[in-house]
Amino acid sequence: MSAQRLSSLAETFGLTLHGAGETSIAGVGTLESARADQLSFLANPKYRSQLADTAAAAVVASAEAVELAPCPVLVSRNPYADFARIAALFEPQPARPPGVHSSAVVSPDARIDASAHIGPFAFIAAGASIGAGAVIGSHCSIGEDCQVGPGCHLVARVTLVTRVRLGARVLIHPGAVLGADGFGLAMDQGRWLKVPQLGGVIVGDDCEIGANTTIDRGALGDTVIEEDVRLDNQIQIAHNVRIGAHSAMAGCSAVAGSARIGRYCLIGGGAGVLGHLEICDRVTITAMSLVTHSIREPGEYSSGTPLMDNRDWRRSAVRFKQLDQLSRQITPKRER
Amino acid sequence: MSAQRLSSLAETFGLTLHGAGETSIAGVGTLESARADQLSFLANPKYRSQLADTAAAAVVASAEAVELAPCPVLVSRNPYADFARIAALFEPQPARPPGVHSSAVVSPDARIDASAHIGPFAFIAAGASIGAGAVIGSHCSIGEDCQVGPGCHLVARVTLVTRVRLGARVLIHPGAVLGADGFGLAMDQGRWLKVPQLGGVIVGDDCEIGANTTIDRGALGDTVIEEDVRLDNQIQIAHNVRIGAHSAMAGCSAVAGSARIGRYCLIGGGAGVLGHLEICDRVTITAMSLVTHSIREPGEYSSGTPLMDNRDWRRSAVRFKQLDQLSRQITPKRER
Amino acid sequence: MSAQRLSSLAETFGLTLHGAGETSIAGVGTLESARADQLSFLANPKYRSQLADTAAAAVVASAEAVELAPCPVLVSRNPYADFARIAALFEPQPARPPGVHSSAVVSPDARIDASAHIGPFAFIAAGASIGAGAVIGSHCSIGEDCQVGPGCHLVARVTLVTRVRLGARVLIHPGAVLGADGFGLAMDQGRWLKVPQLGGVIVGDDCEIGANTTIDRGALGDTVIEEDVRLDNQIQIAHNVRIGAHSAMAGCSAVAGSARIGRYCLIGGGAGVLGHLEICDRVTITAMSLVTHSIREPGEYSSGTPLMDNRDWRRSAVRFKQLDQLSRQITPKRER
């Protein structure tokens, strides 16, 4: 991407410019690291102190920043989002031309749109279909009866096992596995009996699925990820889970079987949600918390204890074990 | 699978039928979703209220359900297990015919049973052996001196690094890595020194290993998974761990080096077991608990705190830090 | 490796020998399992009681062990490290000869050192470079503009997505994904907007990265793993994290975006570090703890509660919810 004039960026993205429109922007950077030909931004007030000293050519920021900034400002009501849009101009886009790489193996019973890109060592099984403009990167495996919608991008080494249906523009990072068997077991006369997993996985439009994330297919019925859900790396979604539109989950979080998560939820890193429960819309779960019961009110929820020096922690931990007894000592019996 | 008469299912699976034997069953479903030609089941009492309204053609259930059900009942003492057996009749089984795919790379020093299926882009290294009827899916890598027993099924993209020995009928889901180096390090003059990992991994008959699960090989001696162990997705098993027969671990749980887990244990999702300790038979660990000491009595064990509204949680969390001091205030010195 | 005389090992590794130098060593084992031609070691005092009964031909141990051992002793000030060096003599080293496997796909715009080994089904994209003596195992994918330094070993199925730069002698286990998009999102008018991830990943010399570990590339600027960092399996490192030299992280731990971890830190299994904070040098975090604020003093830190019998735990857990109220009852108002 060649350099852009600031005035041209303002016009393209509908932002008000304070300062010299002829300023040339050749890239983007943080307030701290941006060079004199780069655009930066201020969204998190935590970094406001860095504004005065930035060497950036210009910044995207809210109106209040105009007086503090030592450079031109593109005024935005959502500086992070507008910066993201402009930054995308400077993102290298490796060529992924239409066509099937000579090393790929494609079943004669698969349907591949002529505009799709199928990379080296990709395997497309019988009954699979790949939509217009989709990119299937190296070492991907698209199993029987899987559908990849138009504009999807499977970066590399993504495995869709069976009965997986991706909507449009789904982005999946390497190592993700969708449609593996759910973990269904019945104990029978001292041995485990495998419960067949007859359902599939449905992923809505515009979802993003992180590296090494796993989404199992349903036992009876489907596992469903609604549109615009964003999953970070190493997330585990068990069979028959449903995740509502526009929710986002941070790395290493996990949801057990048949749980339903609402829309616009935020699940923190390493958090867990037990099976067969429901979380309503607009719930935030903080990092490494465990959801053990249904949540019916929007809000922020937590479990765990604060980080402490290990010696102090050991003392508190011992007392935690005695907590019921201690409580009984201070609460008169009639009040309990 | 074509439709089955209910009377025929009763006979095949040794169940007592209450109701019309000529009922035709073309598939399976939940009580809530089953259509008029599908079989359902009732195992978890939580779903009993759905029985009266089910549209299912018939259900597998215990004897008490006969009076409540609006349809024929296959009476079972273990409805979930018997339903699983019947459901397996309706599971699509993609063809995995014997033979080596033309794109696979097989070392001349590997032994492949003639009845095994080797899929696209599979790599079988020198000294590896693949047993009768085994299925090695696409993109699998079977490293030096690994043995895959008869009837094993490596779905796709499974990596056996070195010195891995699988028993019969082991099922492994995509992304699993068995036999990678254990994490052995010695600090020496301010730098880490790698400790060679000379052992292997032994997996017993009828185990199941989930997607993206990792099982490291032993440092000295082997990491051992006994027969009929069931591991969900994204589980981490460190070097020299031993897991007893018929135990099951839920997603994202982890066991540190040289820990020994007994038989018939149930390890909840995200739970952790520290290294060099022992857990006896028939222990249940609840989700996201951390096992920090050996367990010598069967039972259920937990750690953590309950989920709370974040503001309330912050208050409790602050008090947790003061817990020893608070306890001292209420417990007279002589009693401490 | 053929058998070695004990006297020769003592000389090679600079250790003092107590006992018969002609003793022949053909392998290594634990104190408990070593056979009469194997070398063992004592480093952890926990295993001292096993010393008297060992059948090992000899042991590596500290000077105090000489009187207790029933066999010759190689006296060491760091028995674990010296044992590791000797054990490496007995590690099988599969051949990885220079050259590109006939099944690999290498872009004409990639640079591959003539001494490097490129395994079956490896894909090397345009602009990538592979250094002298490097080993790229089966099913690896080395993306655009990635650099693999001399002596690196990517065991199998490692994916470097884009802008990843590995120093010398980096060892990466199967399933690891480096350089995937960081998890950057802006909420804009009720939908997520993806924030471009324009940075890369830099990994210093002598690092080890475990199976299925993920290290995202930076949003602006790079994610940096300094030299001699050791990462176990299934670790998640988010964008723009920096991990200081000689730190080690155990399995399933995770670090959120832009956090900085110092040198010589030890992060326990399943532990989490929130984003945008700093941990100074020589900090230990115990297993499954969550770091929620910056740490400025070296030491050991913890969170969580101890493992308890589930019924007892439930009682303590209920009281935890009441903790603020209980505390108020016992602390006079003026002291609060």
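Residues numbered from 1 in each chain as written. Chains lettered and ligands numbered in written order. Predicted model: local features only at pLDDT ≥ 70, side-chain atom pairs only at ≥ 80, totals over all residues. Heavy atoms only, no water.

Here the focus is the overall build of chain A. In terms of helices and strands, chain A carries four helices and 40 strands. On C-alpha atoms alone, chain A measures out to a radius of gyration of 25 Å, which is more than a quarter above the 20 Å that the 2.2 N^0.38 rule sets for 336 residues. Referenced to the eigenvectors of the C-alpha coordinate spread, the extents of chain A come out at roughly 75 × 70 × 35 Å. Here chain A holds 336 residues, and 61% of them are scored as buried. The long-range fraction of contacts in chain A, counting pairs at least 24 apart against all pairs at least 6 apart in sequence, stands at 17%. Of the charged side chains in chain A, 30 are positive and 32 negative; the average position of the first set lies 10 Å away from that of the second. (Helix = DSSP H or I, 4+ residues; strand = E, 2+ residues; numbered from the N terminus. Rg over C-alpha atoms; globule rule 2.2 N^0.38 Å. Buried < 20%, exposed > 50% of the residue type's maximum accessible area, 1.4 Å probe, protein only. Contact = heavy atoms within 4.5 Å. Lys, Arg positive; Asp, Glu negative; His and termini not counted. Charge placed at Lys NZ, Arg CZ, Asp CG, Glu CD.)

With that out of the way, let us pick up the sheet that holds strand E6 (residues 58-61) of chain C. All names here are of chain C. Ordered by their spatial adjacency, five strands build an open sheet running E2-E7-E6-E5-E4, and the pairing between neighbours is mixed. What marks the edges here is a single partner per strand, and that holds for strand E2 (16-18) and strand E4 (27-28). Both E2 and strand E7 (residues 73-75) contribute to a ladder of three bridges, which runs antiparallel. What sits directly across from Leu 17, in E7, is Leu 74. (Pairing = 2+ DSSP bridges.)

Two copies of one chain are present, and they are related through a rotation about an axis combined with an axial shift. Placing chain C over chain A gives an RMSD of 0.0 Å and needs a rotation angle of 120°, together with 0.0 Å of translation along the axis. In the structure described here, the two chain copies are related by an operation that fits a three-fold rotation axis. Identified as the residue of chain C closest to the rotation axis by C-alpha distance is Gly 304 of chain C, at 3.3 Å. (Least-squares fit on C-alpha atoms with pLDDT ≥ 70 in both.)

What follows concerns the interface of chain C and chain B. Taken residue by residue, the interface counts 71 residues in chain C and 76 residues in chain B. With both chains or domains summed, chain C and chain B bury close to 5800 Å², and 61% of this area falls on carbon and sulfur atoms. Contact with chain B buries surface across chain C, with Arg 157, Leu 307 and Phe 320 of chain C losing the most and accounting together for 13% of the total. Linking chain C with chain B are six salt bridges. Put simply, Asp 324 of chain C and Arg 319 of chain B hold a salt bridge, and the shortest N to O gap is 2.9 Å. Joining chain C to chain B, the criterion identifies 34 residue pairs in polar contact (both at pLDDT 80 or more). The set of elements that each furnish at least two residues to the side of chain C that touches chain B consists of helix H2 (79-87), strand E28 (230-231), strand E31 (248-249), strand E40 (308-309), helix H3 (310-321) and helix H4 (323-330) of chain C. Residues that form the side of chain C that touches chain B fall into these classes: 36 nonpolar, 18 polar and 17 charged. Where strand E39 (residues 299-302) of chain B and E40 of chain C come together, two bridges link them in antiparallel fashion. By the bridge assignment, Tyr 301 of chain B is partnered in E40 of chain C with Asp 309 of chain C. (Buried area = accessible area lost by both parts, 1.4 Å probe. Salt bridge = Lys/Arg side-chain N within 4 Å of Asp/Glu carboxyl O. Polar contact = N/O pair within 3.5 Å; in protein donor to acceptor, adjacent residues only side chain to side chain. Nonpolar A, V, L, I, M, F, W, Y, C, P; charged D, E, K, R; others polar.)

Under the domain assignment used here, chain A contains domain 1 (4-90), domain 2 (99-301) and domain 3 (312-336). Each of domain 1 of chain A and domain 2 of chain A was reduced to a C-alpha centroid, and the two centroids are 36 Å apart. (Domains from an automatic or database assignment.)

The way to describe two aromatic rings as a pair is by their centre distance and the angle between their planes. Per the stated rule, a full pass over the model turns up 12 aromatic pairs over all chains. Where Phe 41 of chain C meets Phe 83 of chain C, the ring centres are 4.3 Å apart and the plane angle is 20°; that geometry is what we call stacked. Of the two residues, Phe 41 of chain C sits in strand E5 (residues 38-41) while Phe 83 of chain C sits in helix H2, which places them 42 residues apart along the sequence. We classify Phe 83 of chain C as buried; its relative accessible area is 3%. In textbook terms, an aromatic cluster arises when at least three aromatic residues are bridged by ring pairs, as seen for Phe 41, Tyr 80 and Phe 83 of chain A. (Phe/Tyr/Trp six-rings, centres within 6.5 Å; stacked < 30°, edge-to-face > 60°.)

Quick look at the packing of helix H3 (residues 310-321) of chain B against H4 of chain C now. What describes two packed helices is the angle between their axes and the distance between those same axes. Two elements in contact, H3 of chain B and H4 of chain C, have axes whose closest approach is 8 Å; the angle formed by their N-to-C orientations is 55°. For the element pair H3 of chain B / H4 of chain C, the angle class is oblique. Together, Arg 315, Ser 316, Arg 319 and Phe 320 of chain B of H3 of chain B and Leu 323, Asp 324, Ser 327 and Arg 328 of chain C of H4 of chain C make up the contact between the two elements. Grouping the constituent residues of the contact of H3 of chain B with H4 of chain C by class yields two nonpolar, two polar and four charged. (Axes fitted to C-alpha atoms, helices over the stretch in contact; angles between N-to-C directions. Parallel < 35°, antiparallel > 145°, perpendicular 65-115°, else oblique.)

This next bit is on the interface of chain C and chain A. Contacts between chain C and chain A engage 75 residues on the former and 71 residues on the latter. Buried surface at the junction of chain C and chain A, both sides included, amounts to about 5800 Å², of which 62% is carbon and sulfur. Here Arg 191 of chain C and Asp 206 of chain A are joined by a salt bridge, their closest N and O atoms 3.2 Å apart. Taken together, the elements giving at least two residues each to the side of chain C that touches chain A come down to strand E21 (177-180), strand E22 (185-188), strand E23 (191-194), strand E26 (214-216), strand E38 (290-291), strand E39 (299-302), H3 and H4 of chain C. Counting residues per element, the side of chain C that touches chain A draws most heavily on H3 of chain C, at six residues. Class assignment of the residues belonging to the side of chain C that touches chain A gives a composition of 38 nonpolar, 25 polar and 12 charged.

Okay, the side chain of His 139 of chain B next. Relative to the assigned elements, His 139 of chain B resides in the loop between strand E14 (135-136) and strand E15 (141-142). Since its relative accessible area comes to 3%, His 139 of chain B is described here as buried. Among the polar contacts listed, one links the side chain of His 139 of chain B to the backbone oxygen of Phe 121 of chain A, at a separation of 2.6 Å. At a separation of 3.2 Å, a polar atom in the side chain of His 139 of chain B contacts the side chain of Ser 138 of chain B. For His 139 of chain B, the residues in contact, after removing those within four places along its chain, are Phe 121, Phe 123, His 139, Cys 140 and Ser 141 of chain A, Pro 120, Phe 121, Ala 122, Arg 157 and Val 158 of chain B together with His 139 of chain C.

On to the sheet that holds strand E25 (residues 208-209) of chain B. The 12 strands are arranged E8(B)-E11(B)-E14(B)-E17(B)-E20(B)-E25(B)-E28(B)-E31(B)-E34(B)-E37(B)-E39(B)-E40(C) in an open sheet whose pairing can be described as mixed. Whereas interior strands pair on both sides, the edge strands pair on one side only; in this sheet they are strand E8 (99-100) of chain B together with E40 of chain C. Judged from the two bridges that link them, strand E17 (residues 153-154) of chain B and strand E20 (residues 171-172) of chain B form a sheet pairing that is parallel. Bridging across to E20 of chain B, His 153 of chain B finds its partner in Leu 171 of chain B.

Okay, the pairing of E21 of chain C next. Relative to E21 of chain C, strand E18 (residues 159-160) of chain C runs parallel, the two sharing two bridges. When the bridges of E21 of chain C are listed, Thr 159 of chain C appears paired with Val 177 of chain C.

Should their charged atoms come close, side chains of opposite charge can pair. If you walk through the whole model with that rule in mind, you get 48 salt bridges over all chains. With a shortest N-O distance of 2.2 Å, Asp 188 of chain C and Arg 85 of chain A are connected by a salt bridge. Of this pair, Asp 188 of chain C sits in strand E22 while Arg 85 of chain A sits in helix H2 (residues 79-87), each in a different chain. Residue class for Asp 188 of chain C comes out buried when judged on its relative accessible area of 13%. Taken together, the shared-partner salt bridges connect Asp 181, Lys 194 and Arg 217 of chain A together with Glu 208, Asp 228 and Arg 230 of chain B into one network.

We now examine the pairing of strand E22 (residues 185-188) of chain B. Residues and elements named next belong to chain B. Here E22 runs beside strand E23 (residues 191-194); their pairing, made up of four bridges, is antiparallel. Pairing of Ala 186 across the sheet is with Leu 193, part of E23. Taken together, E22 and the strand that follows it, E23, pair antiparallel across an intervening segment of two residues, in which Gln 189 is found at a positive phi of about 55°.

All names here are of chain C. Looking at the element boundaries, Ile 142 is found in strand E15 (residues 141-142). Accessibility expressed as a relative area gives 0% for Ile 142, which makes it buried. For the pair Ile 142 and Leu 68, spaced 74 residues apart in the sequence, the C-alpha separation amounts to 53 Å.

With that out of the way, let us pick up unusual backbone geometry. Phi angles above zero are rare outside glycine, and Asp 206 of chain A is one such case at about 65°. Within the element layout of this structure, Asp 206 of chain A appears in the loop between strand E24 (201-203) and strand E25 (208-209).

It is worth spelling out the state of the cysteines at this point. Enumeration over the complete set of coordinates arrives at zero disulfides over all chains. Sulfur of Cys 140 of chain A: no disulfide; nearest cysteine sulfur belongs to Cys 152 of chain A and is 11 Å away. A relative accessible area of 0% means that Cys 140 of chain A is categorised as buried. The thiol sulfur of Cys 146 of chain B is not disulfide-bonded, and the nearest other cysteine sulfur, from Cys 140 of chain B, lies at 12 Å. (Disulfide = S-S within 2.5 Å.)

Before going further, it helps to spend a moment on helix H1 (residues 6-13) of chain A. Residues and elements named next belong to chain A. Every buried residue belonging to H1 is among Leu 6, Leu 9, Ala 10 and Phe 13, and all of these are buried. In a view along the axis of H1, the buried residues occupy a sector of 100°, so they form one face of it. For H1, exposure combined with an orientation more than 90 degrees from the buried face picks out Glu 11 and Thr 12. Looking at the residues trailing H1, positive phi occurs at Gly 14, about 65°. (Arc of directions from axis to C-beta.)

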